[in-house]
Amino acid sequence: MTIISFAYFVLIAAVAFSAGYFMRKSLAEAKIGSAEEAASRILQDAERDAEAKYREKMLEAKEEVHKLRAEMEQELRERRAELQEQERRLAQKETALDRRSENIDRKENLLEKERKELAESREEVERILAEQQAELQRIAELSMEEAKEMILRQVKESVKHETALMIKDMEARAKEEADKRCQEVLSLAIQRCAADHVAEATVSVVNLPNDEMKGRIIGREGRNIRTLETLTGIDLIIDDTPEAVILSGFDPIRREIARIALEKLVADGRIHPARIEEMVEKARREVEAVIREEGEQATFEANVHGLHPELIKLLGRLRFRTSYGQNVLKHSIEVAHLAAIMAAEIGADEKLARRAGLLHDIGKAVDHEIEGTHVQIGADLLRRYKESPEVIHAMECHHGDCEPRSVEAVLVAAADSISAARPGARRETLESYIKRLERLEAIADSFEGVEKAYAIQAGREIRIMVKPERIDDAESIWMAREIAKRIESELEYPGQIKVTVIRETRATEYAK
C-alpha cells in the first residue's frame, strides 16, 4: 500500500510537473509574442519620431541658411552703400581739387596782374621823382623868401595832415576802449528798462451827451459856469465843438478835479451851484485818494521803501504833472530803474541811485505853488523830510547845477538824460524846434569851404557838404571836430548830435 501510494504520488507529481511545464511554456511563448509586438511598435514609433525630428532639423537648417543668406545680403548692401559713399566723397574731393586748382590759376593771374601794376607804379614813381627833381631845380632859382614860404606851406600842410590822422587814430583808440564799456552799460540799462512814454496835454476834454447840456452847464446868467470856475480854478471853454467842453488850466490836479466833477454833474443831470460845490468836493477827495495810491504804487514799482508819507503824496501829485509832454511820475520811475541798473553794472550803490532817481524831480510837484526852480524846491523838501545828504546831493546835480561828488549823482544825471532823450519821450514846441535846426545849420554854414549843411534825424545829425577843391581829407576831419565843439558850446539839446562832413569829387563829361 505504501509502494502503490508512493507510485501514485510520483505519477501525480509527474503529471503535475508536465502540466506546469507546458503551461509555463505556453505562457512564455505568449509573453515572447507580446514582447515582439511591443518591440515592433516601439521600433515603428522610433522610426516615426526619428523621421519627424529629421524633418524638424531640416527645417531649422533651412531657416538658418536663409537667415545667414539674408545677413550676407544685408552686409553686401551696406558695403555697397559704403563704397558708393566713398565714391561720392572722392568725387567731391576731386571737384574741390579742381576748384582749388582754378582758384590757384586765378590767383596766379591776379599776381601777374599786380606784378604788372607794380611795375607801372614804379615807373610812375620814377616819373614823379624826376618831375620833383625838376621842380627842385626850378625852386633853386627862386629867392630865399619865396623858397622859405613855399617850404613852410608844404610843411604846414604835411604837418596838418599828419596831425589830423594822429588825432583821428587817437580818438578811435580812446573811443574803442572808453565808449565800449559805456555803451554796454547804457544799452543794458535801456534794454532792461522798457518804460512806456506817456505824453499828455495841458487841456482836458469832457464829452457831453448832447449840445443842450452846454446851456445847463452855463446856467442862468452864467452862474453855474462861474461857480465851477471859481471852485476849481480852471477855465471852461464852451465853443462850437460838438458835444464837448474843454477844460484849460496850468495846474493838472485842479484840471483833473474839474473834469471829474463835471463828468459827475453831467451824469447826474442836476446842475446848480450847491450841487456843483458838492461834486467838486467829492472829486477833490477822489483825486487825493488817487494821488496817495499813485505815490504808493510808484514806490512799489521803483522798489524804494521808507519814504516819508508826505513825500509819497508828492510823488502821487507827479502823476498829474507833465514836462514837455512827458509824464513826470513815469519819468521818475524810469530814471530810478535806469540809475539802479547802471549802478549795479559798475559796482556803485544801487539803493542810493534808485532812491535819488525816483526823487530827482520831486520839486515839480509843487513848483506851481512855490517860487524857485524845481531843483531848489526839491532839495528843500528832501531836507525837510530828513532824506540823506547823499540823496539830496544826487538830486541837486541832475541838471548840472552843482559839481557831482559821487558816482551815484553822475548816474542819476545820466539816467535823467537817457529818459528825456528817448525818441518820442518828449515834445518840443514847433518854434523852438525850428530855431534849433536853423541854428544848427547856421553854425555849419559859418565855416569856410562849406557848400551846404542839412540838419536831419529830427536835429540829431547834421551833414555838411564841403567844396572838394577847397577842403581836403585832413581838413574835413578838423572841420567835423570844430563844428562839434561849436555846437556843444552854443546849443542846448537833448542827447547827442552826430556831425558828418562829406567831401565828394565828381567828374562829369557829356558825349555828343
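Preceding block: the structure.
Residues numbered from 1 in each chain as written. Predicted model: local features only at pLDDT ≥ 70, side-chain atom pairs only at ≥ 80, totals over all residues. Heavy atoms only, no water.

Caption draft 1: The arrangement of the nonpolar core in detail. With 41 residues, the main nonpolar core has Leu307, Leu358 and Leu382 as its most contacted residues. At the level of elements, helix H6 (273-302), helix H7 (309-317), helix H8 (328-346), helix H9 (350-359), helix H10 (374-384), helix H11 (389-396) and helix H12 (407-421) are the ones that each hand at least two residues to this core. Here the element with the most residues in this core is H8; it accounts for 9 residues. When sequence neighbours within four positions are dropped, the list of residues in contact with Leu382 reads Leu311, Leu359, Ile362, Glu387, Val391, Ile392 and Met395. One finds Leu228, Ala258, Val266 and Ala283 within the second-largest nonpolar core, a separate group that totals 26 residues. (Core = buried A, V, L, I, M, F, W, Y, C linked by side-chain atoms within 4.5 Å. Buried < 20%, exposed > 50% of the residue type's maximum accessible area, 1.4 Å probe, protein only. Helix = DSSP H or I, 4+ residues; strand = E, 2+ residues; numbered from the N terminus. Contact = heavy atoms within 4.5 Å.)

Caption draft 2: Just the environment of Ala343, in detail. Position of Ala343 among the secondary structure elements: in helix H8. Each C-alpha atom of the pair Ala343 and Val407 lies 8.3 Å from the other, and the pair is 64 residues apart in sequence.

Caption draft 3: Quick look at the packing of helix H5 (residues 252-268) against H6. Close contact between H5 and H6 brings their axes to 8 Å; oriented N to C, the two are set at 130°. By the angle between their directions, the pair H5 and H6 is classed as oblique. Taken as a pair, H5 and H6 cross one another with a handedness that is right-handed. Judged by residue contacts, Ile253, Glu256, Ile257, Ile260, Ala261, Lys264, Leu265 and Asp268 of H5 engage Arg275, Ile276, Met279, Val280, Lys282, Ala283, Arg284, Glu286, Val287 and Ile291 from H6. Its residues assigned to classes, the contact of H5 with H6 shows 11 nonpolar, no polar and 7 charged. (Axes fitted to C-alpha atoms, helices over the stretch in contact; angles between N-to-C directions. Parallel < 35°, antiparallel > 145°, perpendicular 65-115°, else oblique. Left-handed = near helix turned anticlockwise from the far one by under 90°. Nonpolar A, V, L, I, M, F, W, Y, C, P; charged D, E, K, R; others polar.)

Caption draft 4: Layout of H7. Within the span of H7, buried status applies to Leu311, Ile312, Leu314, Leu315 and Gly316. Against the buried residues of H7 lie H6, H8, H9 and H10.

Caption draft 5: Molecular detail of the pattern of salt bridges. One pass over the full model with this rule turns up 29 salt bridges. Between Arg259 and Glu256 there is a salt bridge, with the nearest N and O atoms lying 2.5 Å from each other. Here Arg259 and its partner Glu256 are both found in helix H5, 3 residues apart, which amounts to about one turn of the helix. A residue is classified by how much of its surface remains accessible, and Arg259, at 22% relative accessible area, is partly exposed. (Salt bridge = Lys/Arg side-chain N within 4 Å of Asp/Glu carboxyl O.)

Caption draft 6: Expanded view of unusual backbone geometry. Located in the positive-phi region is Asn303, a residue other than glycine, with phi close to 60°. On the secondary structure map, Asn303 appears in the loop between H6 and H7. By relative accessible area, Asn303 is classed as partly exposed at 46%. Positive phi, normally seen in glycine, also occurs at Lys386, with a value near 60°. Checked against the element boundaries, Lys386 lands in the loop between H10 and H11. Lys386 sits in the exposed class, given a relative accessible area of 72%.

That's the geometry; what it means functionally is another story.
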